[in-house]
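Chains, contacts and geometry: an overview
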Amino acid sequence: MIEGLEAGAEAGADALGPAALLASMRASRSIENTEAARQLDLAARWADLHPPESIHSAASFTVAGCEHEEPIAGPGTPLVAEFCVAELGTVLGITSVSAKKLIGHALELRHRLPRLWAQVHAGSVPAWRARAVAEVTIHSTPELTVEAARFVDAQVAAVAGRIGPAQLDRLVAATIKRFDLAGVDPAADPEDGYLHVDPRHVTIHDEDVHFAGTVRLEAEIDLADGLDLHQALAHGAATQKALGSQESLDARRAKALGDLARTQTALDLYDSAGGRVAGEERAGVSRPDLPAAREVVLHAHFDASLAGDTTVFGPTGRLEEGQRLLLLEQLRSWCGDSRTKITVKPVIDLNQEKSAPSYEIPDRIRERVVLRDRVCVFPWCGRPARGCDVDHVIEYDHGAEADGRPQPGPTKTDNLGALCRFHHRVKTHTAWRYDMVAPGVFEWTSPHGHRYRRDRTGTTALEPPDPRPARIPSPRR
């Protein structure tokens, strides 16, 4: 019946003229904006139902490279229990991080940007525009007070949310100046005493890997450092050309930056005695006395077959870092471009069950779980398994052996799953439960009875929800 309705709708759309199609598209966009606004309201209500027991159990964002955490919304917004975001995310089919952002944006708009909040629900500002503003006001450095956020709200609402990223950054900077949030004494620096926000950063977007095996790097550095870097890249590009490289200037500059990361040892400019031997490696002269230039660890997986005594690798494989497609030629280029230490690990049969007699998980079993699961096995999560905890699906009973009872949760591959630290804690401290129904196939049940199947292909919502009452979690390790 549903297929018939879909076919009828498609036939109706084909019968529409240009004007009617545009009107239908406009109506569809209006519905989309209305539902996005409604989702923000529902997310804020979900937060209202889940206040944390203490500030230590409030939801927050982990800041890479720092010990502190950032709240999901700015000062003046209510705190939210950290584990409630997991259920909201799974119902929406998004990650827990995305669910935290949704809740944080909703609270930021409702409590600190009320004019934008009202415009979103009046239909004059799309939810995505308002959320972009909220993202900036939440993570401003220094943080915006409630009064400063209200000032930004008034300025943005006056233009119905139509403000670009650069304009918004300037507005926030002006707000920090206006409310003297930087804590700088103007008399100390008459020219620029109102504000000093250090913009320096280096960001490598390693989660967005191009099919060609490249990543984007973005940086803001001191002018003097920038000029020095420009000179070093120009010198490196010229050196490569002198050594016979036929690549473009941009490609040579990019390779020169990689050489800087390896302290320029990849070009083999000096031998162990200090003599100049540029190009010697490329001429095929082996230099075992020199250390390996590249120490980056990549986990690449390729299909292989035997042709006589020769191993033949397939042309395409999978790179664990970034979960991306990898071409064999790319790997050969990376390994052959400098003195690179290469380790080929033995083939692991993932269908062969492995076990250990104790609670501790040995590396040989951990590696099997990582290769089997690839990512965290919580619904919709995509964190690489290599950085995850390995969890006993059925809890390991530390007192079983002493009591002479069989171990209910043995340490074996069929009772282990990869869970990122957050979802490991969700499973340990909340009413979420899961079972492994087949090797690498997990079925999860949420505290409200929603069920999900997670396997190597992704997450599938199972209906109807489980009618069984949520269990009371017991302490786990």
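Before any of the text, the structure's been laid out above.
The model shown is predicted, which means the values in this text are computed figures rather than measured ones.

1. Here's the deal with the pattern of salt bridges
According to the stated counting rule, one finds 16 salt bridges in the structure shown. With a shortest N-O distance of 3.1 Å, Arg29 and Glu32 are connected by a salt bridge. In this pair, Arg29 and Glu32 are both assigned in helix H2 (residues 18-48), 3 residues apart and thus about one turn of the helix distant. A salt bridge links Asp397 to Arg405; the nearest nitrogen and oxygen atoms lie 2.9 Å apart. Accessibility expressed as a relative area gives 38% for Arg405, which makes it partly exposed.

2. Examining helix H8 (residues 165-178)
Look at H8: 20 Å from first C-alpha to last across 14 residues, which is about the 20 Å you get at 1.5 Å a residue. Here H8 has its buried residues at Leu168, Leu171, Val172, Thr175 and Ile176. The buried residues of H8 occupy an angular sector of 140 degrees when projected down its axis, which confines them to one face. Turning to H8, the residues buried within the fold contact helix H6 (127-138) and helix H7 (146-158). At the C-terminal side of H8, Asp180 shows a positive phi close to 50 degrees.

3. Topic: helix H3 (residues 84-92)
With 7 of 9 residues buried, H3 lies mostly within the body of the structure. Turning to H3, its buried residues number three or more, namely Cys84, Val85, Ala86, Glu87, Leu88, Gly89 and Thr90. Residues of H3 that are buried make contact with H2, helix H4 (96-111), helix H14 (421-429) and strand S14 (451-455).

4. So, the packing of aromatic side chains
Scanning all chains against the criterion turns up 9 aromatic pairs. Seen from their ring centres, Phe151 and Phe179 are 5.9 Å apart, and the 65 degrees between their planes marks the pair as edge-to-face. Of the two residues, Phe151 sits in helix H7 while Phe179 sits in the loop between H8 and strand S3 (201-205), which places them 28 residues apart along the sequence. On the basis of relative accessible area, Phe179 is assigned to the partly exposed category, the value being 29%. Members of the aromatic cluster, each reached through a chain of ring pairs, are Phe378, Trp432, Tyr434, Phe442, Trp444 and Tyr452. Positioned above the aromatic ring of Phe422, the side-chain terminus of Lys100 is 5.4 Å from the ring centre.

Cut-offs and rules
- Residues numbered from 1 in each chain as written.
- Predicted model: local features only at pLDDT ≥ 70, side-chain atom pairs only at ≥ 80, totals over all residues.
- Heavy atoms only, no water.
- Salt bridge = Lys/Arg side-chain N within 4 Å of Asp/Glu carboxyl O.
- Helix = DSSP H or I, 4+ residues; strand = E, 2+ residues; numbered from the N terminus.
- Buried < 20%, exposed > 50% of the residue type's maximum accessible area, 1.4 Å probe, protein only.
- Expected span 1.5 Å × (residues − 1).
- Arc of directions from axis to C-beta.
- Contact = heavy atoms within 4.5 Å.
- Phe/Tyr/Trp six-rings, centres within 6.5 Å; stacked < 30°, edge-to-face > 60°.
- Lys NZ or Arg CZ within 6 Å of the ring centre and 35° of its normal.

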